[in-house]
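Listed below, chain by chain, are the residues.
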2 protein chains.
Amino acid sequence: VIPPLRYEDGVLLILDQRFLPGEERWLRCRRPEEVAEAIRTLAVRGAPAIGLAAAYGLALAATEAHEPQAARRRVDAAAELLARTRPTAANLRFALERGREELERATAPAAALLELARRLHREQLEADRRLAVHGAERMRPGERVLTHCNTGPLATGGYGTAAGVIRAAHERGLLESAWVTETRPLLQGSRLTAWEMRRAGVPFRLLGDSAVGALMQRGVVDRVVVGADRIAASGDVANKVGTYPIAVLAERHGVPVDVAAPLSTLDPETPAGEAIPIEERSPDEVTHVGGRRAAPPGTEAVNPAFDVTPAELVSAIVTEAGVLEPPLSESIARAVGAVRAA
Amino acid sequence: VIPPLRYEDGVLLILDQRFLPGEERWLRCRRPEEVAEAIRTLAVRGAPAIGLAAAYGLALAATEAHEPQAARRRVDAAAELLARTRPTAANLRFALERGREELERATAPAAALLELARRLHREQLEADRRLAVHGAERMRPGERVLTHCNTGPLATGGYGTAAGVIRAAHERGLLESAWVTETRPLLQGSRLTAWEMRRAGVPFRLLGDSAVGALMQRGVVDRVVVGADRIAASGDVANKVGTYPIAVLAERHGVPVDVAAPLSTLDPETPAGEAIPIEERSPDEVTHVGGRRAAPPGTEAVNPAFDVTPAELVSAIVTEAGVLEPPLSESIARAVGAVRAA
């Protein structure tokens, strides 16, 4: 599968996910403002991929001044701009924080920030692969696994989180088939996950977001695996809107809910779900479908991009460092402590 | 609001709901086969409106032969054809049954079946109005009521079921605002309910089907009111796919779920939900959005049109004869007994 980001000769190439699967268009970003715009418009999306785009954005900012102090000011301004693009993803903040730390140490900001972005990119790929194995090891042969939104290579810049777990399960012969929700309003499931899974040869079927309950009633869903945009210290998980209803249904039907996310998605500074800022996106995404108006002109709509699944509905958080089991607040605290000690 | 069906001079005019809200196109059906096609393709939809269309379809069949015995054979054949169009709606079967009874008594089948269709149409409007009042009387001032799919005049040929309750609540000053789900795959919420509510002056906001959980978490949903396509003797309710997830969320958040349906939707012959046939529609409705392909070519999809909400999640069934309270199996048996005794 094509990685969504590539840095070449002072240009960050971003695969514009708004045009997939129909067209493969690439944005060529030379300035951090262009990267911020790509994040804001969802040309690049998925919490880990947003973090990587932001890291490259800082590197681009640093090249805009020759003198180190001027470069630092440019990077600071770019970090502020990038931080404001999307409020929910923890990985964005994580990447910008790493960038600021690097900047304090560096004598050559441009080279140091580019090396950081590349290192974060490599680490993401490695983390994704380890995470996928940990997640697949939880499965029994013949599982039918439901996922929501897009969490594959397009979303992480690596191998994927939840979709990576599903792919690893398929490669180990454990997956019967995946269920992929279309994920309105922006159809990341139909457009992106379907595209990735076809390329990777993973067997799957698509369904409308509303059909999850009907499938669970039929007993054809053995496990839910989803990604996360931010995980609070309590274990509450912010993820694509619609995740919470799936988790509530899963609880009723005795289906486990695994959340697959790198450690960079853990946000120990946010105590619980109610403190996670939930992005409200344009009502046009709801009143329009596939670029065309569906609702009558003047129709008002609400469009929260995320919801919060309380920790009690989460069976496990699968990270590159292993599986965090309930009570999640304790296992998260231990995982964060281990990272800080390392 | 425009009624979706009108009979004039041997022609059944059907407002083609596939083109709403953009265009008001009318189908002119002169033969029962054309009515069956309109039902199958969802040009006319909504369980009560399907029943009325079928009743008019029998009347059209009876006009195709001059001799009463030949007319009876045409009507029998039309009834079989119409019964096969869509499997889930109880009202379709109810209307065809009434037609067959009428046919046995009638000496002039064409006139008798046309009079029956017109009587069922008038009865639907009266039932809807009574039902709406019973439903509105359950509300307290200032309620924010969530509904799913389309259950207004377009769906019943009258005043509407769940949407009629919401409209009556608005007219009584009890409604703060309605929440209307878009209702993928065919967007009956965005296209039809939004169109009807704007015309009727009912305040509402649209949301993606996946956002119901996020709204309930915010505590801004006071009640769910939905329609039904068939209600089993147990009180299990088949309705548009996505109703069951909404009911499960409502239970978790202590939000009542009222099902608004005429008595013709009750099906005492079906003991419980698992015996209700669930229509599986074309995967193209899921892989395509607003007429355009969203998923990559070759993507498989499942597309159940309905799901079953178990009786335990239903707070009340609101009918034209009053409110049926739990235990629903008992109150349904009493309501059906009263209809048979009358």
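Here the structure is shown first, and the text comes after it.
Computed from a predicted structure; not experimentally measured.

Undergrad: Can you help me understand the overall build of chain A in this one?
TA: Per the secondary structure count, chain A includes twelve helices and 16 strands. For 342 residues, the compact-globule estimate of 2.2 N^0.38 gives 20 Å, and chain A sits close to it at 19 Å. Counting only C-alpha atoms, chain A reaches 65 × 55 × 40 Å along its principal axes. Split into buried and exposed, the 342 residues of chain A put 63% on the buried side. Here chain A carries 42 positive and 45 negative side-chain charges, and the mean point of each set is 4 Å from the other.

Undergrad: Help me understand the sheet that holds strand β8 (residues 230–232) of chain A in this model?
TA: With respect to topology, four strands assemble into an open sheet ordered β11-β8-β9-β14 (chain A), the strand pairing being mixed. Bordering the open sheet on either side are β11 (266–267) and β14 (306–309) of chain A, each of which pairs with just one other strand.

Undergrad: What's the story with the relation of the copies chain A and chain B in this structure? I'm lost.
TA: Put simply, the two copies of the chain differ by a rotation about an axis and a shift along that axis. By a simple turn and slide, chain A fits onto chain B: the slide is 0.0 Å along the axis, the RMSD is 0.0 Å, and the turn is 180 degrees. Viewed as a symmetry operation, the transformation between the two copies matches a two-fold axis. Both copies contact each other with a shared surface, as 100% of the interface residues of chain A are interface residues in chain B too.

Undergrad: Whenever I open this one, the side chain of A:R223 confuses me. Can you help?
TA: Residue and element names in this part refer to chain A. Looking at the secondary structure, you find R223 in strand β7 (residues 223–226). We classify R223 as buried; its relative accessible area is 5%. For R223, the contacting residues outside a window of four places in its chain are R138, M139, E143, R144, V145, L146, V255, P256 and D258.

Undergrad: Got a minute to help me understand the interface of chain A and chain B in this structure?
TA: A common way to state how big an interface is: give the accessible area lost once the parts meet. Facing the 56 residues of chain A at the interface are 56 residues of chain B. Between chain A and chain B, roughly 4,200 Å² of surface is buried when both sides are summed, and carbon and sulfur atoms account for 59% of that area. Scanning the region where chain A abuts chain B turns up eight salt bridges. The salt bridge involving B:E312 is made with A:R252; its shortest N-O contact spans 3.4 Å. If you look at where chain A meets chain B, you find 22 residue pairs in polar contact (both at pLDDT 80 or more). Secondary structure elements with two or more residues in the side of chain A that touches chain B: α8 (188–200), β6 (204–207), α9 (212–217), α10 (243–252), α11 (284–287) and β14 of chain A. The greatest single-element share of the side of chain A that touches chain B, amounting to six residues, is contributed by α10(A). When its residues are assigned to classes, the side of chain A that touches chain B shows 30 nonpolar, twelve polar and 14 charged.

Undergrad: Help me out: how do you make sense of the pairing of β14(A) in this one?
TA: For a regular strand, side-chain orientation follows a simple rule: the groups alternate between the two sheet faces. All names here are of chain A. Every second residue of β14 is oriented toward a common face, with F306 and V308 on one face and D307 and T309 on the other, all of them buried. Inspection of the sheet shows strand β9 (residues 237–240) paired to β14 by four bridges, in the antiparallel sense. Bridge pairing in β14 places K240 opposite F306.

Undergrad: Any chance you could explain the pattern of salt bridges here in plain terms?
TA: For side chains of opposite charge, pairing can occur when their charged atoms come near one another. The full count for this structure, using the stated rule, is 57 salt bridges over all chains. Here B:E64 ties to B:R74 by a salt bridge, and the two come within 2.1 Å at their closest N and O atoms. Residue B:E64 is located in the loop between α2 (47–62) and α3 (68–83), and its partner B:R74 is located in helix α3; the two are separated by ten residues in the primary sequence. B:E64 sits in the partly exposed class, given a relative accessible area of 31%. Note that B:E279 is salt-bridged to B:R86, the shortest N-O span being 2.9 Å. Here B:R86 lies in the loop between α3 and α4 (90–105) and B:E279 lies in the loop between β11 (266–267) and α11 (284–287), a separation of 193 residues in the sequence. Assigned by exposure class, B:E279 and B:R86 land together as buried. Connected via shared salt-bridge partners are A:R98, A:E102, A:R105, A:R119 and A:E123.

Undergrad: Any chance you could explain unusual backbone geometry here in plain terms?
TA: Only a minority of non-glycine residues have a phi that is not negative, and only a minority of peptide bonds are not trans. Residue and element names in this part refer to chain B. Backbone torsion omega between L20 and P21 reads -5 degrees, so that peptide bond is classified as cis. Within the fold, P21 resides in the loop between β2 (11–15) and β3 (26–29). The omega torsion across P326 and P327 is 0 degrees, close enough to zero to call that bond cis. Tracing the chain through its elements places P327 in the loop between β16 (322–324) and α12 (328–341). Non-glycine residue D9 carries a positive phi angle of around 50 degrees. In this structure, D9 sits in the loop between β1 (5–8) and β2.

Undergrad: I'm lost on the sheet that holds strand β6 (residues 204–207) of chain B in this one. Help?
TA: Within a sheet, each strand pairs with its neighbour through backbone hydrogen bonds, oriented either parallel or antiparallel. Residues and elements named next belong to chain B. Spatially, the seven strands line up as an open sheet ordered β6-β5-β4-β7-β10-β15-β16, and their pairing is mixed. At either end of the open sheet lies a strand with only one pairing partner, and these are β6 and β16. The sheet shows a mean angle of 25 degrees between the axes of neighbouring strands, direction not considered. For strand β10 (residues 257–260) and strand β15 (residues 316–319), the ladder comprises three bridges, and the chain directions are parallel. Its bridge partner lying in β15, A260 is registered against V318.

What counts and what doesn't
Once a new chain begins, its residue numbering starts again from 1 and follows that chain's sequence as written. Here the convention is simple: chains get letters from A, ligands get numbers from 1, in the order in which they are written. Residue-level local features of this predicted model are given only where pLDDT is at least 70; pairs of side-chain atoms are given and counted only at 80 or more, and the full residue set underlies all totals for whole chains, interfaces and linings. Side-chain numbers come from the whole structure's heavy atoms, not from hydrogens or water. Put simply, DSSP H or I for four residues or longer makes a helix, DSSP E for two residues or longer makes a strand, and each gets a number counted from the N terminus. We compute the radius of gyration from the C-alpha atoms alone; for a globule the expected value is 2.2 Å times N to the 0.38, where N is the number of residues. Residue exposure (1.4 Å probe, protein chains only): buried if accessible area is under 20% of the type maximum, exposed if over 50%, otherwise partly exposed. For this count, His and the chain ends are skipped, Lys and Arg are scored as positive, and Asp and Glu as negative. To locate a charge, take atom NZ for lysine, CZ for arginine, CG for aspartate or CD for glutamate. Strand pairing requires that DSSP identify at least two bridges connecting the strands. When the copies are superposed, the least-squares fit draws on C-alpha atoms of residues that have pLDDT of at least 70 in both. Working rule for contacts: check all heavy atoms of both residues, and any pair within 4.5 Å makes them a contact. A 1.4 Å probe defines the accessible area here, and the buried area is the portion of it lost by two parts on being joined, summed over both. Take a side-chain nitrogen of Lys or Arg and a carboxyl oxygen of Asp or Glu: if they are within 4 Å of each other, that pair is a salt bridge. Between N or O atoms, a polar contact is any pair within 3.5 Å; within protein, one atom must be a potential hydrogen donor and the other a potential acceptor, and residues adjacent in sequence are included only when both atoms are from side chains. All residues other than Ala, Val, Leu, Ile, Met, Phe, Trp, Tyr, Cys, Pro, Asp, Glu, Lys and Arg, Gly among them, are scored as polar; the first ten of these are nonpolar and the last four charged. Think of each axis as a best-fit line through the C-alpha atoms, taken over the contacting stretch in the case of a helix, with angles from 0 to 180 degrees between the N-to-C directions.

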